[in-house]
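Listed below are the residues making up each chain.
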Amino acid sequence: ACKFGDMLAIAYVESDNEIICTSPVQMESELNVLVQISYNSIDFFGQVQYKYSNRPLLFAMSPSYGPMSGGTVVTVHGKSLDFSSTAKGNLLCQFGTIETMATWISWTTITCIAPPQNHKTVPFRIISKHPSTVLEKYHDNKFLQYTYLPPISISSIHPSYGSIRGGTLLTI
C-alpha cells in the first residue's frame, strides 16, 4: 500500500525497483503530504514529499517546431486547464510577442495555430484574460519554447530516375 499523509492507496509492484500508486482525492487546493509505502498496510517506511495542486500546469506541446510561414496546429498538454467557461475569446497562445486565439479542448488539452515569424526559437505561453492567468512553465519549472524553421528547398536530386520496382537510393 501507499500512504499519502493519512490516506491509503492501493500499490502495485511494477518491478524490483518500482511501485505504482494512484494518489487519492484531496479536498484542499494546495497541500504537501508525505508518501510512504508498506508491505502489509500497517508498517510504513520511506518518506518522500508529494504536492497536491489544482493550479493549471503545462507539461508539453506538440509539435514544438514548425515553418516560419506559421499555420502549424500546436497541441498543448497539461493539467487543471479549466478554462471551459471563460475560454471563448479570452484564451490566447503567445509565440514570442505574437498572440493567437487558443481553443480549449479539455482539462488537459488546448490547441492553437502558430503565427508566421522569422527563423528563431521563441518563448511560448498560454494566456487567459479571465480569470487572469499566464501559463509558461513545465512542471519542472522549465519554459516552453517553439522553434520556427526556415523553408526547405531542394536544389538537386541524384539520380533523377529509378526502377519502377523501387529501391533506388536518392541523394537530395
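Residues numbered from 1 in each chain as written. Predicted model: local features only at pLDDT ≥ 70, side-chain atom pairs only at ≥ 80, totals over all residues. Heavy atoms only, no water.

Right, let's get into the state of the cysteines. The tally for this structure, following the rule as stated, stands at 2 disulfides. Note that Cys2 is cross-linked by a disulfide to Cys21, the S-S spacing being 1.5 Å. Of this pair, Cys2 sits in strand β1 (residues 2–4) while Cys21 sits in strand β4 (residues 18–21); the two residues are 19 residues apart in sequence, bridging distant segments of the chain. Its relative accessible area of 2% is what places Cys2 among the buried residues. Here Cys93 is linked by a disulfide to Cys112, with a sulfur-sulfur distance of 2.3 Å. Of note, the bridge from Cys93 to Cys112 carries an S-S torsion of about -95° and is left-handed in sense. (Disulfide = S-S within 2.5 Å. Helix = DSSP H or I, 4+ residues; strand = E, 2+ residues; numbered from the N terminus. Buried < 20%, exposed > 50% of the residue type's maximum accessible area, 1.4 Å probe, protein only.)

Per the counting criterion, the structure on display carries 5 aromatic pairs. Taking 5.7 Å as the distance between ring centres and 40° as the angle between the ring planes, the aromatic pair formed by Tyr39 and Phe45 counts as tilted. Accessibility expressed as a relative area gives 79% for Tyr39, which makes it exposed. Linked through ring pairs, Phe95, Phe124, Tyr146 and Tyr148 together constitute an aromatic cluster. Between the NZ or CZ atom of Lys3 and the centre of the ring of Phe44, over which it lies, the distance is 4.9 Å. (Phe/Tyr/Trp six-rings, centres within 6.5 Å; stacked < 30°, edge-to-face > 60°. Lys NZ or Arg CZ within 6 Å of the ring centre and 35° of its normal.)

Okay, the environment of Ile154 next. Examined against the element boundaries, Ile154 turns out to sit in the segment after β15 (145–149). We classify Ile154 as exposed; its relative accessible area is 63%. Through-space distance from the C-alpha of Ile154 to that of Ile172 is 6.9 Å; in sequence the pair is 18 residues apart.

A few words now on a nonpolar patch on the surface. Nonpolar side chains collect at one region of the surface, where Ile152, Ile154, Ile157, Leu170 and Ile172 lie side by side and expose about 580 Å² of accessible area between them. Looking at the element boundaries, Ile152 is found in the segment after β15. (Patch = residues over 30% accessible without salt bridge, like charges linked within 9 Å, V, L, I, M, F, W, Y side chains within 5 Å. Areas by Shrake-Rupley, 256 points an atom, 1.4 Å probe, with all protein chains shown as cover. Salt bridge = Lys/Arg side-chain N within 4 Å of Asp/Glu carboxyl O.)

The predicted model of the protein chain has a mean per-residue pLDDT of 85, with 87% of residues at 70 or higher. Mean pLDDT values over the elements of the protein chain span from 67, in strand β14 (residues 132–135), up to 96, in strand β8 (residues 65–67). (pLDDT = per-residue confidence, 0-100.)

This next bit is on the nonpolar core. Among the nonpolar cores identified, the biggest contains 19 residues, and Val74, Phe95, Phe124, Ile126 and Tyr146 are the most heavily contacted of them. Sorting the residues of this core by element identifies β7 (57–62), β9 (73–79), β10 (91–95), β12 (109–113), β13 (121–129) and β15 as the ones contributing at least two each. By size, the runner-up hydrophobic cluster in this structure holds 6 residues, among which are Cys2, Phe4, Val33 and Val35. (Core = buried A, V, L, I, M, F, W, Y, C linked by side-chain atoms within 4.5 Å.)

Here we take up the environment of Leu81. Mapped onto the fold, Leu81 is located in the loop between β9 and β10. With 24 residues separating them in the primary sequence, Leu81 and Leu57 have C-alpha atoms 7.2 Å apart.

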